[in-house]
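Here are the chains, one letter per residue:
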Amino acid sequence: MRIQEIKDAMSKFSTFRARMDFCKENFDYVAGGTGRKVFDIGNGMALKLGCNRKGIDQNFVESDYGLSRMYPDLLNPTFDNCDDGHWMIVPLLEKISKKDLVNHVGMDLREMDIFLRGMEDERRGKATRINWDQIEENEVMSQVMDLVFNTTLLTGDWSRMSSWGRDPQTNSLRIIDWGLDQQVYDKHYSFNRHAALAY
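Residues numbered from 1 in each chain as written. Predicted model: local features only at pLDDT ≥ 70, side-chain atom pairs only at ≥ 80, totals over all residues. Heavy atoms only, no water.

Caption draft 1: Here's a closer look at the layout of surface pockets. Approximately 1200 Å³ is the volume attributed to the largest pocket. If you trace the largest pocket, you find 46 residues lining it, with Arg36, Asp157, Ser162, Ser163 and Asp177 closest to the centre. With five residues, the top contributor of residues to the lining of the largest pocket is helix H6 (residues 109-123). (1 Å grid on protein atoms, 1.4 Å probe; cavity = no way out; pocket = protein on both sides within 12 Å on 5 of 7 lines; lining within 4 Å. Points joined across faces, edges and corners; volume = space filled by probe spheres on them. Helix = DSSP H or I, 4+ residues; strand = E, 2+ residues; numbered from the N terminus.)

Structure, rendered in structure tokens:
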């Protein structure tokens, strides 16, 4: 099924259930969480379907074309999306192993997690004991640092393999789940941890 045909079909549905049924009937399910479900729509593309307001808001964040163009080596870009955030189409990246991610970032994942938390603390004005020289000498982590200090994206899951994927065309690794920023967190996680179904 061509992307335009998918877009035309999705535009006709007014409920999440109708969109979900369409995706289940036509595409292979890849993965998902409480906010979004991901389907393989063929031709190296995936569709991220927002299940509720939390997922829709994460789609809006990831649909920032300017941000993905500024960090093309870090963030999986949006190929297409609907204006209301119900769905978006992105390149379908391959799953990676722990060894893949360790080799890519140049450090142990626990150490990476410590650095990520330290970056967010620094952004909030908290004192940290991070060795910034070590980060600046690391190509991947220096890009992550630049991204963290210039946005409100939250990096809590970025030290997990499931947050990254491999581009089969270039063999490069990119972050595939980066839709959580401070605004989305404050709205859906900080006080209300159970986002109700939107439809």
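Once you've had a look at it, read on.
Caption draft 2: Region of the structure containing the sheet that holds strand E3 (residues 45-50). On the basis of which strands lie adjacent, the open sheet formed by five strands has the order E1-E2-E3-E5-E4 and antiparallel pairing. Since the sheet does not close on itself, it has two edges, and those belong to strand E1 (28-32) and strand E4 (80-81), each with one partner. With two bridges joining them, E4 and strand E5 (residues 87-91) adopt antiparallel strand pairing. The residue of E5 that forms the bridge with Asp80 is Ile89. Here helix H1 (residues 3-11) sits on the sheet and contacts strand E2 (36-42), E3, E4 and E5; the angle it forms with E3, its principal contact strand, is near 10°. (Pairing = 2+ DSSP bridges. Contact = heavy atoms within 4.5 Å. Axes fitted to C-alpha atoms, helices over the stretch in contact; angles between N-to-C directions.)

Caption draft 3: The side chain of Asp80, seen in detail. Summarising the element assignment, Asp80 is placed in strand E4. For Asp80, a relative accessible area of 16% puts it in the buried group. Among the polar contacts listed, one links the side chain of Asp80 to the side chain of Lys7, at a separation of 2.7 Å. The residues touching Asp80, leaving out its near neighbours within four places in the chain, are Lys7, Tyr65, Trp87, Met88 and Ile89. (Buried < 20%, exposed > 50% of the residue type's maximum accessible area, 1.4 Å probe, protein only. Polar contact = N/O pair within 3.5 Å; in protein donor to acceptor, adjacent residues only side chain to side chain.)

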